[in-house]
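Descriptive structure summary
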Amino acid sequence: MIDDHSSSFLVVPKELYKQVHVDRINEDIEGGIESGVMTTPALFINGIRYTERWNTTELMAAMIAASH
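Here's what I pulled together on the structure shown here.

**A look at the overall build of the protein**
Within the protein, the regular secondary structure consists of three helices and two strands. Taken from N to C terminus, the helices and strands of the protein fall in the order α-α-β-β-α. Considering the protein as a whole, with its 68 residues, one finds that 6% of them fall into the buried category. Roughly 6,300 Å² of accessible area belongs to the protein as shown, and the carbon and sulfur atoms make up 60% of that amount.

Below you can see the structure in the form of structure tokens.
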């Protein structure tokens, strides 16, 4: 028995094979390079690249500071 969700598994390989998302991926890569991204993951808060430590306290402080 095939359920309704099984057909979604067939879409991914077909999209990958046809490379339907290549243009969007390349645009995202170019945009990242233009924004100064050198590695992943990269985090931006209100359009400014966050380069400090990735712990809850410092991230929360950065988000609060960016909201003012």
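**Digging into a negative patch on the surface**
Residues Asp-23, Glu-27, Glu-30 and Glu-34 make up a contiguous surface patch of negative charge. Along the chain, the position of Glu-34 falls in helix α2 (residues 22–34).

**Here's the deal with the environment of Trp-54**
For Trp-54, the location among the structural elements is in the loop between β2 (48–50) and α3 (56–66). Assessed through its relative accessible area of 49%, Trp-54 is described here as partly exposed. The spacing of Trp-54 and Leu-43 is 11 residues in sequence and 9.5 Å in space, taken between C-alpha atoms.

**Remarks on a nonpolar patch on the surface**
A contiguous nonpolar patch, built from Ile-25, Ile-29 and Ile-33 and spanning about 300 Å² of accessible area, is present on the exposed surface. Within the element layout of this structure, Ile-25 appears in helix α2. Residue classification places Ile-25 among the partly exposed positions, given a relative accessible area of 47%.

Reading guide: rules and limits
- Per chain, residue numbering runs from 1 following the sequence as it is written.
- Thresholds applied to this predicted model are a pLDDT of at least 70 for local features of residues and 80 or more for the giving and counting of side-chain atom pairs; totals over whole chains, interfaces and linings are not thresholded and use all residues.
- Note that the side-chain values use all heavy atoms of the structure and ignore hydrogens as well as water.
- Each helix corresponds to a stretch of at least 4 residues labelled H or I by DSSP, and each strand to a stretch of at least 2 residues labelled E; elements are numbered beginning at the N terminus.
- We call a residue buried when its accessible area falls under 20% of the maximum for its residue type, exposed when it is over 50%, and partly exposed in between, using a 1.4 Å probe and counting protein chains only.
- Using a 1.4 Å probe, accessible areas were evaluated by the Shrake-Rupley method; residue-level cover was limited to the displayed protein chains.
- A patch consists of residues exposed above 30% relative accessible area that lack any salt bridge, with like charges linked at up to 9 Å and nonpolar side chains (Val, Leu, Ile, Met, Phe, Trp, Tyr) linked at up to 5 Å.
- Just to be clear on terms, a salt bridge is a Lys or Arg side-chain nitrogen sitting within 4 Å of an Asp or Glu carboxyl oxygen.
- In summary, the charge assignment counts Lys and Arg as positive and Asp and Glu as negative, without counting His or the chain termini.
- The atoms used to mark charge sites are NZ of Lys, CZ of Arg, CG of Asp and CD of Glu.

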